[in-house]
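Coordinate inspection notes
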Amino acid sequence: MIDALAPDAGRLQGQIDELSAFHDSGRPGWSREVFSEPYRASREWVRAAMAEAGLNPVIDDAGNIVGRLPGRRRSGPALVTGSHTDTVPSGGRFDGVVGVLAGIEVARRLRETGTELEHDLLVVDFLGEEANEFGISCMGSRAVAGVLRPEHLDRTDGDGLALGTAMERFGLDPSAALGRPWRASDVHGYVELHIEQGPLLERSGHDIGVVTAIAGIDRLLVTFAGRSGHAGTTPMADRHDALVSAAAAVLTVERVGCGAPVHGVATSGHIQSGPGSMGVITDQARLWAEIRSVDGSWLHGARRQIVDEIASEARARGVDIDVEWLTDQDPVPTTEAVRDRITEAADDLGLPWKAVPSGAGHDAAHLATLGPMGMIFVPSVAGRSHCPEELTAPADIARGAHLLAATLLRMDSP
Ligand SMILES: [Zn+2]
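Rules and cut-offs
- Residues numbered from 1 in each chain as written.
- Predicted model: local features only at pLDDT ≥ 70, side-chain atom pairs only at ≥ 80, totals over all residues.
- Heavy atoms only, no water.
- Pairing = 2+ DSSP bridges.
- Helix = DSSP H or I, 4+ residues; strand = E, 2+ residues; numbered from the N terminus.
- Axes fitted to C-alpha atoms, helices over the stretch in contact; angles between N-to-C directions.
- Contact = heavy atoms within 4.5 Å.
- Parallel < 35°, antiparallel > 145°, perpendicular 65-115°, else oblique.
- Left-handed = near helix turned anticlockwise from the far one by under 90°.
- Nonpolar A, V, L, I, M, F, W, Y, C, P; charged D, E, K, R; others polar.
- Core = buried A, V, L, I, M, F, W, Y, C linked by side-chain atoms within 4.5 Å.
- Buried < 20%, exposed > 50% of the residue type's maximum accessible area, 1.4 Å probe, protein only.
- Donors = N, O, S within 2.8 Å, 3.2 Å for Na, K, Ca; no water.
- Expected span 1.5 Å × (residues − 1).
- Polar contact = N/O pair within 3.5 Å; in protein donor to acceptor, adjacent residues only side chain to side chain.
- Domains from an automatic or database assignment.
- Buried area = accessible area lost by both parts, 1.4 Å probe.
- Salt bridge = Lys/Arg side-chain N within 4 Å of Asp/Glu carboxyl O.
- Right-handed = clockwise from strand over helix to strand, strands pointing away.
- Phe/Tyr/Trp six-rings, centres within 6.5 Å; stacked < 30°, edge-to-face > 60°.
- Lys NZ or Arg CZ within 6 Å of the ring centre and 35° of its normal.

This part is about the sheet that holds strand E11 (residues 284-293). Strand order in the open sheet made by the four strands is E9-E11-E7-E12, with antiparallel pairing throughout. A strand with exactly one partner marks an edge of an open sheet, and here the two such strands are strand E9 (264-274) and strand E12 (320-329). Recorded for the sheet is a direction-independent mean angle of 15° between the axes of neighbouring strands. Sheet analysis places E9 next to E11, joined by 10 bridges and oriented antiparallel. The residue of E11 that forms the bridge with Ser 268 is Ala 289. Its contacts with the sheet place helix H9 (residues 242-258) against strand E7 (216-225), E9 and E11, and it is angled at close to 170° to E9.

Okay, here's the thing in structure tokens:
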């Protein structure tokens, strides 16, 4: 029965190629950002692909495309799989897409083989998973988990457009998106197939990653206030240089990341300073940085360490700082029972697997509040992702889709 559910690898790859045609052709790589025209057009294609697979898709109140394959029970909690089809700017063709299209392929194979599940199977293309200018990633999965909040709708993009208005222009009702989250009784379990987006599987030669936990992410904005002055006449000892304090903070962030015991990373993503002239000492700087780990206690310690070290370094220069934590998201462990179903199915299919952490955020983290959750990773060539070079071999995608089907089948059993 399990072998019969092997995907039609050529058909699956063909669908990935078709979906990748929807992108902003004016930019390098694949840009299909949430609410963009290419995204709108691609969702029509996804909806048609789900309909053709017999999934009777609907757009739910949160803007997710939800396909349903009825199970024998015709009611009660559903098995859920899915991912997202939006991209970062100039991203790749596989991030998210693999999980949605593999879910559709699983549904096709179930129908083609006459395999009826006990539970309904939902295949979901979650709205807007990637980080965006509104600062709200995972919009659709947040909404179903009931953690999309009214204040999120007021967040604005670079043009001052509020998220709520952007949703309206996209044909969605923002208040409805807030109003009808799923209940735990709706979800029997969730499993998401995704590309690894890192190098661990390729380096270790494993076909499959079984995700242990999704990293927590803490993002901070540090504002440095110093004193401007003449770059030629102000002695070095008399300076309160905001940019130099910010530069030292960049090194602090990196040093703290390098000290992480398990999986921890720390990144300074953006820096601004002013007044911004060659001959003038800077009096203000802003630094955006983040730390991530699957180890919550390390994360909490690293938060303190970063702030303490930045503050003492700035104090020594006579620079004032203000620290604002923009997000504070704890790690989300996957559910042991789902990991067990994945590893049993992988052993059954003869697929070498390895337990791996996820440094990236995923819709699965929000689904975990509704029921048992697990994730399957397939290798990323050279660990590249969120760039045009992002690549996962067709054979690896097919193995992942096969394992997704086998895992869902095991989760379906009473
Ligand atoms: Zn993704």
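And the narrative resumes.
Let us now look at the packing of helix H1 (residues 9-20) against helix H3 (residues 97-112). Running from amino to carboxyl end, H1 crosses H3 at an angle of 140°, the nearest separation of the two axes being 10 Å. By the angle class used here, H1 and H3 are oblique. For the crossing formed where H1 meets H3, the hand is right-handed. Side by side, H1 and H3 meet where Arg 11, Leu 12, Gln 15, Ile 16 and Leu 19 of the first sit next to Val 97, Val 98, Leu 101, Ala 102, Glu 105, Arg 108, Arg 109 and Glu 112 of the second. Split by residue class, the contact of H1 with H3 holds seven nonpolar, one polar and five charged.

In this section: the nonpolar core. Residues Leu 55, Leu 101, Ile 104, Leu 121, Ile 376, Leu 403 and Leu 404 are the most contacted members of the largest nonpolar core, which totals 48 residues. The contacts of Leu 403, once residues within four sequence positions are left out, are Ile 208, Ile 342, Ala 345, Ala 346, Leu 349, Leu 351 and Ile 376.

Turning next to the coordination of the zinc ion. Taken together, the protein donors to the zinc ion comprise His 84 (NE2), Asp 95 (OD) and His 194 (NE2), at separations of 2.0 to 2.2 Å. Along the chain, the residues that donate to the zinc ion are spaced as H-x10-D-x98-H. On the criterion of sequence distance, the pair formed by Asp 95 in the loop between strand E3 (78-84) and H3 and His 194 in strand E5 (residues 187-195) is long-range, its members being 99 residues apart. For the pair Asp 95 and His 194, a shared accessibility class is recorded, and that class is buried.

Now for H9. Here H9 spans 25 Å end to end across 17 residues, near enough to the 24 Å set by a 1.5 Å rise per residue. Of the positions making up H9, those classed as buried are Ala 242, Ser 245, Ala 246, Ala 248, Ala 249, Thr 252, Val 253, Val 256 and Gly 257. The N-cap of H9, judged by a side-chain oxygen 3.0 Å from the amide nitrogen of Leu 243 a few residues on, is Asp 241.

Our next topic: the packing of H1 against helix H2 (residues 37-52). Taken N-terminus to C-terminus, the directions of H1 and H2 make an angle of 155°; their axes are 10 Å apart at the nearest point. As the angle between them shows, H1 and H2 are arranged roughly antiparallel. From H1, Gln 15, Glu 18 and Leu 19 reach across to H2, where they touch Ser 42, Trp 45, Val 46 and Ala 49. For the contact of H1 with H2, the residue count by class is four nonpolar, two polar and one charged.

Glancing now at the domain arrangement of the chain. What the domain assignment lists for the chain is domain 1 (3-215 + 331-412) and domain 2 (216-329). Domain 1 and domain 2 are separated by 35 Å when their C-alpha centres are compared. Contact with domain 1, which involves 10 residues of that partner, is made by 10 residues of domain 2. For the pair domain 1 and domain 2, the summed buried surface comes to about 740 Å²; carbon and sulfur atoms form 60% of the total. Contact with domain 2 buries area across many residues of domain 1, yet Ala 215, Pro 331 and Gly 359 alone supply 58% of it, more than any other trio. Counting the contacts that link domain 1 with domain 2 gives zero salt bridges. Scanning the region where domain 1 abuts domain 2 turns up two residue pairs in polar contact (both at pLDDT 80 or more). At the level of elements, strand E6 (208-214) and strand E14 (353-358) are the ones that each hand at least two residues to the side of domain 1 that touches domain 2.

For strand E4 (residues 121-126), the tally of buried residues reaches six of six residues, placing the bulk of the element in the interior. Both faces of E4 are covered, namely the face carrying Leu 121, Val 123 and Asp 125 and the face carrying Leu 122, Val 124 and Phe 126. Crossover connection from E3 via H3 to parallel E4: handedness right-handed.

It is worth spelling out the packing of aromatic side chains at this point. The geometry of an aromatic ring pair comes down to the distance between the two centres and the angle between the two planes. One pass over the structure, following the stated rule, counts four aromatic pairs. Judged by centre distance (5.3 Å) and plane angle (65°), the rings of Phe 35 and Phe 170 are edge-to-face. Residue Phe 35 is found in the loop between H1 and H2, and its partner Phe 170 is found in the loop between helix H6 (163-169) and helix H7 (174-179); the two are separated by 135 residues along the sequence. With relative accessibility at 10%, the residue Phe 170 sits in the buried group. In this structure an aromatic cluster arises from ring pairing among Phe 35, Tyr 39, Phe 134 and Phe 170. A cation sits over an aromatic face here: Arg 303 above Trp 325, 4.0 Å from the ring centre.

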